[in-house]
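# Summary of structural features
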Amino acid sequence: MKYWIDTEFIERPFTIDLISVGLVAEDGREFYAESSEVDWSKANLWTLQNVRPQLDGNGMTREEIGYALRRFTDGDEHPVFWGYFPAYDWVAFIWLFGNMDELPFHYPQLCLDIKQWAIELGDPELPHQQGARHHALLDARWTREAWAFLARLAPAAGERRALGRKIPNSSGGQSK
Ligand SMILES: [Mg+2]
């Protein structure tokens, strides 16, 4: 099953501090959680003004979010994750489970990128997001919209899977 993901986070060199995470599943279910462990002293003014006011304030620890995500994807043997410029989102997402090696074994180690797919298709203008932005669930819903837009242009390519591990025939290891 596909999952469209988005996160909000505080970034600074060597740290991506997850604020919130949203997922929309292909079957229509939605997941949203906020971290209770955010170091707000590191947030810049933009984040304080644009992200923080949209939070519901019901934070969970990162570990609790990781277990809630396992439950959300429970029974799905082949999850496929899609994000929009998801490099930072994916790191923040993975860290909810530990290191890359500690992802649930059936999770791919790669998040597929809507933007990269758009570039492959000639970089068409994607649908504009209506309403509020910089809320992880609202942004995840838009990511699904953007995927659907591209899937109308190239239906088969929308069904690609993220298979294999970064280090083949290995469950991980320290060499990167
Ligand atoms: Mg966002």
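## Some remarks on the overall build of the protein
Helix and strand counts for the protein come out as five helices and six strands. Taken against the 2.2 N^0.38 rule, which gives 16 Å for 176 residues, the C-alpha radius of gyration of the protein at 16 Å falls within 12% of a compact globule. Overall, the protein is about 45 × 40 × 30 Å in size when its C-alpha atoms are taken along their principal axes. Counted over contacts in the protein with a minimum sequence separation of 6, partners at least 24 positions apart contribute 68%. In the form shown here, the protein has an accessible surface area of approximately 9600 Å², with 53% of it arising from carbon and sulfur atoms. Of the side chains in the protein, 18 bear a positive and 26 a negative charge, and the two mean positions are spaced by 2 Å.

## Some thoughts on the layout of surface pockets
A volume near 550 Å³ is recorded for the largest pocket. What lines the largest pocket is a set of 23 residues, and nearest its centre among them are Asp6, Thr7, Glu8, His134 and Asp139. Elements represented by at least two residues in the lining of the largest pocket include exactly β1 (2–12), α1 (45–50) and α5 (136–153). Examining the composition of the lining of the largest pocket, we find that six residues originate from one element, β1, more than from any other. Taken together, the residues of the lining of the largest pocket break down into nine nonpolar, seven polar and seven charged. In this model, the second largest pocket occupies a volume close to 170 Å³.

## Notes on the coordination of the magnesium ion
Protein coordination of the magnesium ion is provided by Asp6 (OD), Glu8 (OE) and Asp139 (OD), with donor distances spanning 2.1 to 2.2 Å. Read in sequence order, the donor residues for the magnesium ion give the motif D-x1-E-x130-D. With a gap of 133 residues between them, aspartate 6 in strand β1 and aspartate 139 in helix α5 connect regions that are remote in the sequence.

## Looking at the confidence of the model for the protein
Low pLDDT marks stretches whose predicted atomic positions should not be read closely. For the protein, the mean per-residue pLDDT works out to 94, and 96% of the residues sit at or above 70. Contacts from residues 172–176, a stretch scored under 50 in pLDDT, to residues over four places away or in other chains number seven contacts.

## Structural notes on the nonpolar core
Membership of the largest hydrophobic core comes to 23 residues, with the highest contact counts inside it found for Val21, Leu23, Phe31, Phe81 and Phe93. Of all the secondary structure elements, the ones that give two or more residues to this core are β1, β2 (15–25), β3 (30–35), α2 (62–72) and α3 (87–94). For this core, the leading source of residues is β2, giving five residues. Each residue touching phenylalanine 31, except ones within four places of it in the same chain, is listed here: Val21, Gly22, Leu23, Ile65, Ala68, Leu69, Phe72 and Leu137. Of all hydrophobic cores here, the second largest spans 15 residues; its members include Trp4, Trp82, Ala154 and Ala162.

## As for unusual backbone geometry
In this model, phenylalanine 14 sits at a positive phi of 80°, which is unusual for a non-glycine residue. Locating phenylalanine 14 in the fold gives a position in the loop between β1 and β2.

The rules we used
Residues numbered from 1 in each chain as written. Predicted model: local features only at pLDDT ≥ 70, side-chain atom pairs only at ≥ 80, totals over all residues. Heavy atoms only, no water. Helix = DSSP H or I, 4+ residues; strand = E, 2+ residues; numbered from the N terminus. Rg over C-alpha atoms; globule rule 2.2 N^0.38 Å. Contact = heavy atoms within 4.5 Å. Areas by Shrake-Rupley, 256 points an atom, 1.4 Å probe, with all protein chains shown as cover. Lys, Arg positive; Asp, Glu negative; His and termini not counted. Charge placed at Lys NZ, Arg CZ, Asp CG, Glu CD. 1 Å grid on protein atoms, 1.4 Å probe; cavity = no way out; pocket = protein on both sides within 12 Å on 5 of 7 lines; lining within 4 Å. Points joined across faces, edges and corners; volume = space filled by probe spheres on them. Nonpolar A, V, L, I, M, F, W, Y, C, P; charged D, E, K, R; others polar. Donors = N, O, S within 2.8 Å, 3.2 Å for Na, K, Ca; no water. pLDDT = per-residue confidence, 0-100. Core = buried A, V, L, I, M, F, W, Y, C linked by side-chain atoms within 4.5 Å. Buried < 20%, exposed > 50% of the residue type's maximum accessible area, 1.4 Å probe, protein only.

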